[in-house]
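So you can see what is in the structure, the chains are spelled out below.
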Amino acid sequence: PTDYQGNEGPGCGKVGPPGSYKEFIAVGASDPQDNLMSYSSWGPGPDGIIKPELICGGKGVIVVGP
């Protein structure tokens, strides 16, 4: 399963559950230059696993729909 990792801001070890669990793939937010957003949490998780595993657009994303 996947889940966001929290919006606790910069600083090591701020990723929260359930994204911090080893069974989950944590997803962070990036800016248009692919830098981790300042509000996006990062790990490691409580068991030492590096988090996030995946970073996706979180600012400046243009969505086109019907």
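Note that the coordinates shown come from a computational prediction; the quantities given were computed from them, not determined experimentally.

So, how was this worked out
- Numbers given to residues run from 1 along each chain, matching the order in which its sequence is written.
- Since the coordinates come from a predicted model, pLDDT governs what is reported: local features require at least 70, and pairs of side-chain atoms require 80 or more to be given and counted, while whole-chain, interface and lining totals use all residues.
- Side-chain measures here rest on the full set of heavy atoms in the structure, leaving out hydrogens and waters.
- Numbering of helices and strands starts at the N terminus; helices are DSSP runs of H or I of at least 4 residues and strands are runs of E of at least 2.
- Throughout this description, buried means an accessible area under 20% of the type-specific maximum (1.4 Å probe, protein chains only), exposed means over 50%, and partly exposed covers the range between.
- The working definition used for a salt bridge is a side-chain nitrogen of Lys or Arg within 4 Å of a carboxyl oxygen of Asp or Glu.
- UniProt positions are given in the numbering used here, feature names are shortened, and annotations may be inferred rather than shown by experiment.
- Residues enter patches when they are more than 30% accessible in relative terms and free of salt bridges; like-charged ones are connected within 9 Å and nonpolar ones (Val, Leu, Ile, Met, Phe, Trp, Tyr) within 5 Å.
- We get accessible surface area from the Shrake-Rupley algorithm with a probe of 1.4 Å; when it comes to residues, only the shown protein chains can shield them.
- Residues count as neighbours in contact if any of their non-hydrogen atoms are within 4.5 Å of one another.

Participant: Explain the overall build of the protein chain here, please?
Facilitator: Each helix and strand in the protein chain was counted, giving zero helices and three strands. Moving toward the C terminus, one meets the helices and strands of the protein chain in the order β-β-β. Reported as C-alpha extents along the three principal axes, the dimensions of the protein chain are approximately 40 × 25 × 15 Å. The proportion of buried residues among the 66 residues of the protein chain is 29%.

Participant: Sorry, what's going on with the pattern of salt bridges here?
Facilitator: A side chain of one charge can pair with a side chain of the opposite charge if their charged atoms are brought near each other. The full count for this structure, using the stated rule, is one salt bridge. One salt bridge connects E53 with K51, and the closest N-O pair in it is separated by 2.9 Å. For K51, a relative accessible area of 4% translates into the label buried.

Participant: Mind showing me how you'd approach the UniProt feature "domain: Peptidase S8/S53" (unreviewed entry) in the protein chain here?
Facilitator: The positions UniProt marks with the feature "domain: Peptidase S8/S53" (unreviewed entry) are residues 6-58. Segment residues 6-58 splits into 0% helix and 19% strand. End C-alpha atoms: 13 Å apart.

Participant: Mind showing me how you'd approach a nonpolar patch on the surface here?
Facilitator: Taken together, the side chains of L36, W42 and I55 make up a nonpolar region of the molecular surface, amounting to roughly 240 Å² of accessible area. Considering the arrangement of structural elements, one finds L36 in the loop between β2 (25-30) and β3 (54-57).

Participant: Help me understand the environment of P1, please; the structure alone is not making it clear to me.
Facilitator: Positionally, P1 belongs in the segment before β1 (2-4). Judged by relative accessible area, which is 66%, P1 ranks as exposed. Those residues in contact with P1 that lie beyond four places of it in its chain are E23, F24 and I25.

Participant: Hey, could you run me through the environment of K22 in this one?
Facilitator: For K22, the position within the fold is in the loop between β1 and β2. C-alpha separation for the pair K22 and G48, spaced 26 residues apart in sequence, amounts to 9.3 Å. For K22, the residues in contact, after removing those within four places along its chain, are D47, I49 and K51.

Participant: Would you mind showing me how to read the environment of C56 here?
Facilitator: Mapped onto the elements of the fold, C56 is located in strand β3. C56 sits in the partly exposed class, given a relative accessible area of 35%. Sequence separation between C56 and N35 is 21 residues, and the spatial gap between their C-alpha atoms is 9.9 Å. Setting aside residues no more than four positions away along its own chain, C56 makes contact with V27, G28, A29 and S30.

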